[in-house]
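Structure at a glance
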Amino acid sequence: MHKTAGLRDPAAAFPLPTMRDDVQERRDANRAIAVSAAGLAVTGIAELLVALLTGSVGLLGDAIHNLSDVSTSAVVFLGFRLSRKPPTERYPYGLERAEDLAGIGIAVVIWASAAFAGYESIRKLLEHGRTSHVALGIAGAALGIAGNQVVARYKLVIGRRINSATLVADARHSWLDALSSLGALAGLVAVTLGFRWGDPIAGIAVTLFICHVGWEVTTDVAHRLADGVDPAIITSAEAAAGTVDGVVHAHARARWTGRTLRVEVEGWTDPDLTVSQADALGQQVALAVAGQLPDMGSFSWATRAAPA
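Residues numbered from 1 in each chain as written. Predicted model: local features only at pLDDT ≥ 70, side-chain atom pairs only at ≥ 80, totals over all residues. Heavy atoms only, no water.

All right, on to the overall build of the chain then. For the chain, the count of helices and strands is 8 helices and 4 strands. Along the chain, helices (α) and strands (β) appear in the sequence β-α-α-α-α-α-α-α-β-β-α-β when read from the amino end. In summary, the chain has a C-alpha radius of gyration of 25 Å against a globular reference of 19 Å for 308 residues, an excess of more than 25%. Oriented by its inertia axes, the alpha-carbon framework of the chain measures out at about 85 × 35 × 30 Å. Out of the 308 residues belonging to the chain, those deemed buried represent 47%. (Helix = DSSP H or I, 4+ residues; strand = E, 2+ residues; numbered from the N terminus. Rg over C-alpha atoms; globule rule 2.2 N^0.38 Å. Buried < 20%, exposed > 50% of the residue type's maximum accessible area, 1.4 Å probe, protein only.)

This is the structure:
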């Protein structure tokens, strides 16, 4: 690494004390993806069959959305697999970003589902389509609510535990499906009360729910890809570095690559420190910052000579 003007020595990286078991985390993630995909496949197929029998566009949109989740699970699984690749000269950080890029695939599927559900709902509303076997449709919508709530909760717990933004985004997607199932249920109930337009209106409501979560997922993924972090991370890193004797001032930067939080601290220190002393000080700073940011997976340290 080349020296930067004003720096007394090149930036250095230090090993961190951690209890993180990356192998186990990946196993947990893959298990969550597989279990959720199987659950959503069963739920989606059941809803699709009922939707085709009843003619309910609200239920049809919900079924297509559930089945699309199976494809997003494949995208997420691929992202986790690629992120295991070790660093190379071409990719010095490895392919950890693959997990973040998988989030783009999830966002695309969400928006595509919204477009399809919206089109079918508006078409039925304009053509005054009918809905039959309403009781069976209500049972199908209830199945969709239950299945998606269970899957969403499971993925959310695993995603938060292993700090995977992609898995959390996928959990929100499943949570959306539970709401869209609720909208489909409300439309079918309206049909039983004599409001024929209840089902297409419910389909439009489902579309709006899909768009809302699609926006949230898209902004979250864009935030990660643009290296956005919680400002509290920077504040905590700088405060922790400032507690170490010998650090006059500290400036921190941070970013996420997949599930790895990378923190860089630039410290102003005594200009008379030797390189080995500066490295020893950096080790202390690394331990101090790790104590405040337990999710930190990578730390780099560079020193500047403080003005006399």
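Within the secondary structure, Asp 199 sits in helix 6 (residues 198-225). On the accessibility criterion, Asp 199 (0% relative accessible area) is buried. Polar side-chain contacts of Asp 199 include one of 2.8 Å to the backbone nitrogen of Val 57. A polar atom in the side chain of Asp 199 sits 2.7 Å from the side chain of Lys 124. (Polar contact = N/O pair within 3.5 Å; in protein donor to acceptor, adjacent residues only side chain to side chain.)

Turning our attention to a nonpolar patch on the surface. Taken together, the side chains of Val 189, Leu 193, Phe 195, Trp 197 and Ile 201 define a hydrophobic patch exposed on the protein surface, amounting to about 490 Å² of accessible area. Using a relative accessible area of 48% as the deciding quantity, one classes Trp 197 as partly exposed. (Patch = residues over 30% accessible without salt bridge, like charges linked within 9 Å, V, L, I, M, F, W, Y side chains within 5 Å. Areas by Shrake-Rupley, 256 points an atom, 1.4 Å probe, with all protein chains shown as cover. Salt bridge = Lys/Arg side-chain N within 4 Å of Asp/Glu carboxyl O.)

A separate point is helix 4 (residues 134-162). The terminal C-alpha atoms of helix 4 lie 42 Å apart, and with 29 residues this matches the ideal 42 Å at 1.5 Å per residue to within 8%. Just downstream of helix 4, Asn 163 is the residue with a positive phi angle, here 60°. (Expected span 1.5 Å × (residues − 1).)

A few words now on the nonpolar core. As a rule of thumb, soluble globular proteins bury nonpolar side chains together. Val 263, Val 265, Val 285, Val 289, Met 296 and Phe 299 are the most contacted members of the largest nonpolar core, which totals 24 residues. Mapped onto this core, the elements with two or more residues apiece are helix 7 (231-242), strand 2 (247-257), strand 3 (260-269), helix 8 (275-292) and strand 4 (296-305). Excluding residues within four positions of it along the chain, Val 265 makes contact with Ala 241, Ala 250, His 251, Ala 252, Val 285, Phe 299, Ser 300, Trp 301 and Ala 302. Within the second largest apolar cluster, 20 residues are counted, among which are Ile 33, Ile 110, Ala 114 and Ile 158. (Core = buried A, V, L, I, M, F, W, Y, C linked by side-chain atoms within 4.5 Å. Contact = heavy atoms within 4.5 Å.)

What follows covers the environment of Cys 211. One can find Cys 211 in helix 6. A C-alpha to C-alpha distance of 7.6 Å links Cys 211 and Ile 110, two positions 101 residues apart in sequence. Those residues in contact with Cys 211 that sit more than four places away from it in its chain are Trp 111 and Ala 114.

Below, the discussion takes up the packing of helix 7 against helix 8. In contact at an axis separation of 8 Å, helix 7 and helix 8 are set at 135° when each is read in the N-to-C sense. Relative to helix 8, the element helix 7 lies oblique. Both helix 7 and helix 8 take part in a crossing whose hand is right-handed. Seen from helix 7, the contacting residues are Ser 236, Ala 237, Ala 240 and Ala 241; seen from helix 8, they are Val 285, Ala 288, Val 289 and Gln 292. (Axes fitted to C-alpha atoms, helices over the stretch in contact; angles between N-to-C directions. Parallel < 35°, antiparallel > 145°, perpendicular 65-115°, else oblique. Left-handed = near helix turned anticlockwise from the far one by under 90°.)

Moving on, we come to the packing of aromatic side chains. By the definition in use, this model includes 1 aromatic pair. On the basis of an interplanar angle of 55° and a centroid distance of 5.2 Å, the ring pair of Phe 195 and Trp 197 is categorised as tilted. One cation-aromatic arrangement involves Arg 224 over Trp 256; the distance from NZ or CZ to the ring centre is 4.5 Å. (Phe/Tyr/Trp six-rings, centres within 6.5 Å; stacked < 30°, edge-to-face > 60°. Lys NZ or Arg CZ within 6 Å of the ring centre and 35° of its normal.)

So, on to the packing of helix 3 (residues 97-127) against helix 6. Put simply, helix 3 and helix 6 touch, their axes get as near as 8 Å, and they point 160° apart. Relative to helix 6, helix 3 is oriented roughly antiparallel. Here the hand of the crossing between helix 3 and helix 6 comes out left-handed. Split into classes, the residues belonging to the contact of helix 3 with helix 6 amount to 19 nonpolar, 8 polar and 5 charged. (Nonpolar A, V, L, I, M, F, W, Y, C, P; charged D, E, K, R; others polar.)

Counted according to the given criterion, the structure contains 6 salt bridges. For the salt bridge of Arg 97 with Asp 227, the shortest nitrogen-to-oxygen distance reads 2.3 Å. Taken together, the residues span a long stretch of sequence, with Arg 97 in helix 3 and Asp 227 in the loop between helix 6 and helix 7 at a distance of 130 residues. The salt bridge partner of Asp 227 is Arg 255, with a shortest N-O separation of 3.8 Å. Note that Asp 227 is positioned in the loop between helix 6 and helix 7 and Arg 255 in strand 2, a separation of 28 residues in sequence. Taking relative accessible area as the criterion, Asp 227 reaches 30% and is therefore assigned partly exposed. A relative accessible area of 23% places Arg 255 in the partly exposed class. Salt bridges sharing common partners tie together Arg 97, Asp 227 and Arg 255.

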